[in-house]
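A look at the structure
Each chain is listed here by its residues.
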Amino acid sequence: MAVETVVQAGRPVAAGRTKALLVLCVMQLMIILDGTVVTVALPTIQSDLGFSQAGLAWVMNSYLIAFAGLLLLAGRIGDLIGSKRVFLAGLGLFTAASLLCGTAGSAEVLIAGRFLQGVGGALASAVILGMIVGLYPAPGEQARAMGVYSFTSASGASIGLILGGVITQTVGWHWSFLINVPIGLVSLAFAVRLLQAEKGLGLTKGADVLGAVLVTAGLSLAVYTIVQTAEPHAELTRTLVLAAAAVLLLAAFVLRQARSVNPLLSLHIFRKRQTTVANVVVVLLFAAGFGFQFTTALYVQRVLGYDSLTTGLAFLPAPIMNALMSLSIAPRLTVRFGPRTMLIAGLAAFLAALLWISQAPVDGSYVVNVAPVLAVMGAGIGLAIPAAIMLAMSSADAGDAGLASGLNNTAQQAGAAVGTAVLATLAASTTTSRLADGASDVLALRDGYGVAWLAAAAFVLGALVLSTTLLRTPRN
């Protein structure tokens, strides 16, 4: 892989590496923030641009489909032509698309801009992990760097809820997108200077055009199938047909890779148990995490009666504890006890938080039923995410680092999409059932969220079992 770093006399410069890490994490933070900031602004966007309720979902879905569908391909392109080129292209496109979204005067332009944002986000995000591993190969330094990265990923969503409420209520929803433009331009200038390009493997080592088409179409269709299940009039037959088509496309991709001389995705990466199992754990962890955030925000608003801004502020314990863990405590503990131990401890804490909130009553107290849960969850995520990423990347060869990075990011996005869709569907169906039984609106909602939280706990329990039985601490 072409690993970009800041060098002087053939050796990495510590200050330069720190600045390079900051640029990479700023891009990741923009990507994460963009999702939740926009979520809070959706009602205002719907009113201003005349979206239908079904059409409004595509402000999120068009981004998610492009982002998740292209991550794997983008990671491999980074291996072939150099990560810096792919990162700069993604950052530039994301910034330009943010300008298009912020100045959109119609629903169609906004959806097109969101799709382009997804493409740019995929290009940049897919190579970030591989670049961080290249910048910080030593276990101790890598643990600290992954802590910074995981903080931006895990806390960015909660921070976005707060910023979304403030931005929408003060300067308008357009600035949910326009705020990315100056940040993106500054980051682009620093990235050009700080990240030194190295030669990639070359397109002849993996320029599988047919494979690229199959995997991108298959992943995009799979994500589309997931997100459309949450639409009010989703039909079971249509969903099954779409799911079958996605499976066929991905199966054709696997068959293509098995027979190709220069595969886009060398299947040997899945022969490494550490990589495969760690990515499954990442899927389950992100499914629980994003699904938990979605349902908890609804519980705070629709059951406890908070407005959008207060709801965002209510989530503050999560990023605070996540920062304390991932930026300070977790790196030192990881060096001492290893990433596997930290992953297991983090998952156990997250599981306890989910079981705790699943018992929250209709007349729950923020101090008793929400704030402590968010604090414990934030601490658990701060331990678990950097450890899971380190384990997923630990067995990747130098030539596959970009691919492993793209695979891990794909696992994160797939987990987020699946978790949100599954938990939202469970909550809605349970609420409908309870209403039919004569329960009050508020009680039916609470029961729906309770079932969703228990489902999230099942995801975390599965990740905990896999981590305990199949993962091993990598050798230094």
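No experiment lies behind these values; they were computed from the predicted model shown.

**Notes on the overall build of the chain**
In terms of regular secondary structure, the chain is built from 17 helices and 2 strands. Relative to its 476 residues, the chain shows a buried fraction of 56%. Here the contacts in the chain between residues at least 6 apart in sequence split such that 84% fall between residues at least 24 apart.

**A closer look at the pattern of salt bridges**
Pairing between side chains of opposite charge can happen when their charged atoms approach one another. On inspection of all chains with the given rule, the structure shows 3 salt bridges. In this structure, Arg-434 engages Asp-447 in a salt bridge whose closest nitrogen and oxygen atoms are separated by 2.6 Å. Of this pair, Arg-434 sits in helix H16 (residues 401–436) while Asp-447 is found in helix H17 (residues 441–469), placing the two residues 13 residues apart along the sequence. Judged by relative accessible area, which is 25%, Arg-434 ranks as partly exposed. With a shortest N-O distance of 3.3 Å, Arg-446 and Asp-447 are connected by a salt bridge. What makes Arg-446 buried here is its relative accessible area of 13%. One continuous salt-bridge network, built from bridges that share partners, spans Arg-434, Arg-446 and Asp-447.

**Focus: the packing of helix H11 (residues 273–303) against helix H15 (residues 366–393)**
Here H11 crosses H15 at 160 degrees, and the two axes come no closer than 10 Å. Put simply, H11 runs roughly antiparallel to H15. Crossing of H11 over H15 shows left-handed handedness. Only Val-370, Val-373, Leu-374, Met-377, Ile-381, Ala-384, Ile-385, Ala-388, Leu-391 and Ala-392 of H15 make contact with H11, whose side of the interface consists of Gln-274, Thr-275, Ala-278, Asn-279, Val-282, Leu-285, Phe-286, Phe-292, Tyr-299 and Val-300.

**Thoughts on a nonpolar patch on the surface**
A cluster of nonpolar side chains, Leu-100, Val-109, Phe-115 and Leu-116, forms an exposed patch at the surface whose accessible area comes to about 280 Å². Among the elements that line the nonpolar patch, the one with the most residues is helix H5 (residues 107–135), at 3 residues. Tracing the chain through its elements places Val-109 in helix H5.

**A few points about helix H13 (residues 317–337)**
Taking 1.5 Å of rise per residue, 21 residues should cover 30 Å, yet H13 covers just 26 Å from first to last C-alpha, more than 12% shy of that figure. The sharpest bend along H13 comes to roughly 50 degrees, located at Ile-329, with the proline Pro-331 sitting one to four residues further on. Every buried residue of H13 is accounted for by Pro-317, Ala-318, Pro-319, Asn-322, Ala-323, Met-325, Ser-326, Ala-330, Pro-331 and Thr-334. Following H13 by one or two positions, Gly-338 adopts a phi angle in the positive range, close to 95 degrees.

**What to know about the environment of Thr-310**
By the secondary structure assignment, Thr-310 is in helix H12 (residues 308–314). We classify Thr-310 as partly exposed; its relative accessible area is 34%.

**Side note on the confidence of the model for the chain**
Of the residues in the chain, 89% reach a pLDDT of 70 or more, and the chain-wide mean stands at 83. Low pLDDT (under 50) marks residues 1–12, which in the prediction has 48 contacts with non-local residues, meaning those over four places away or in another chain.

**With respect to the nonpolar core**
Counting 108 residues, the largest nonpolar core has Met-27, Phe-87, Ile-132, Phe-292, Tyr-299, Leu-343 and Phe-350 as the members making the most contacts within it. The biggest single contributor to this core is H15, with 16 residues. The residues contacting Ile-132, other than those within four sequence positions of it, are Leu-21, Leu-24, Ala-145, Met-146 and Tyr-149. Within the second largest apolar cluster, 13 residues are counted, among which are Ala-41, Leu-42, Ala-104 and Ala-107.

**Examining the packing of aromatic side chains**
On inspection of all chains with the given rule, the structure shows 7 aromatic pairs. Measuring from ring centre to ring centre gives 5.6 Å for Tyr-63 and Phe-67, while their planes differ by 20 degrees; the resulting arrangement is stacked. Here Phe-67 and Tyr-63 lie together in helix H3 (residues 58–81), a separation of 4 residues that amounts to about one turn. Here Tyr-63 falls in the buried class, since its relative accessible area comes to 8%. Here the aromatic rings of Tyr-306 and Tyr-366 are separated by 6.4 Å at their centres, their planes lie at 45 degrees, and the arrangement is tilted. Linking Tyr-306 in the loop between H11 and H12 with Tyr-366 in helix H15, this pair joins segments that are 60 residues apart in sequence. For Tyr-366, a relative accessible area of 21% gives the class partly exposed. The rings of Tyr-299, Tyr-449 and Trp-453 are connected pair by pair, giving a single aromatic cluster.

**Quick look at the packing of H3 against helix H4 (residues 83–102)**
A packed helix pair is summarised by two numbers, namely the angle formed by the two axes and the spacing between the axes. Running from N to C, H3 and H4 point in directions that differ by 150 degrees, and their axes come no closer than 8 Å. Here H4 runs roughly antiparallel to H3, going by the angle between their axes. Where H3 approaches H4, its residues Tyr-63, Ala-74, Ile-77, Gly-78 and Ile-81 are matched on the opposing element by Ser-83, Arg-85, Val-86 and Phe-94. Residues of the contact of H3 with H4, tallied by class, amount to 6 nonpolar, 2 polar and 1 charged.

**Some remarks on the environment of Leu-435**
Among the structural elements, Leu-435 can be located in helix H16. Its relative accessible area of 37% is what places Leu-435 among the partly exposed residues. Residues contacting Leu-435, with those up to four places away along its chain left out, are Ser-440, Asp-441 and Ala-444.

The rules behind these values
- Residues numbered from 1 in each chain as written.
- Predicted model: local features only at pLDDT ≥ 70, side-chain atom pairs only at ≥ 80, totals over all residues.
- Heavy atoms only, no water.
- Helix = DSSP H or I, 4+ residues; strand = E, 2+ residues; numbered from the N terminus.
- Buried < 20%, exposed > 50% of the residue type's maximum accessible area, 1.4 Å probe, protein only.
- Contact = heavy atoms within 4.5 Å.
- Salt bridge = Lys/Arg side-chain N within 4 Å of Asp/Glu carboxyl O.
- Axes fitted to C-alpha atoms, helices over the stretch in contact; angles between N-to-C directions.
- Parallel < 35°, antiparallel > 145°, perpendicular 65-115°, else oblique.
- Left-handed = near helix turned anticlockwise from the far one by under 90°.
- Patch = residues over 30% accessible without salt bridge, like charges linked within 9 Å, V, L, I, M, F, W, Y side chains within 5 Å.
- Areas by Shrake-Rupley, 256 points an atom, 1.4 Å probe, with all protein chains shown as cover.
- Expected span 1.5 Å × (residues − 1).
- Bend = angle between axes of the 7 residues up to and from the residue.
- pLDDT = per-residue confidence, 0-100.
- Core = buried A, V, L, I, M, F, W, Y, C linked by side-chain atoms within 4.5 Å.
- Phe/Tyr/Trp six-rings, centres within 6.5 Å; stacked < 30°, edge-to-face > 60°.
- Nonpolar A, V, L, I, M, F, W, Y, C, P; charged D, E, K, R; others polar.

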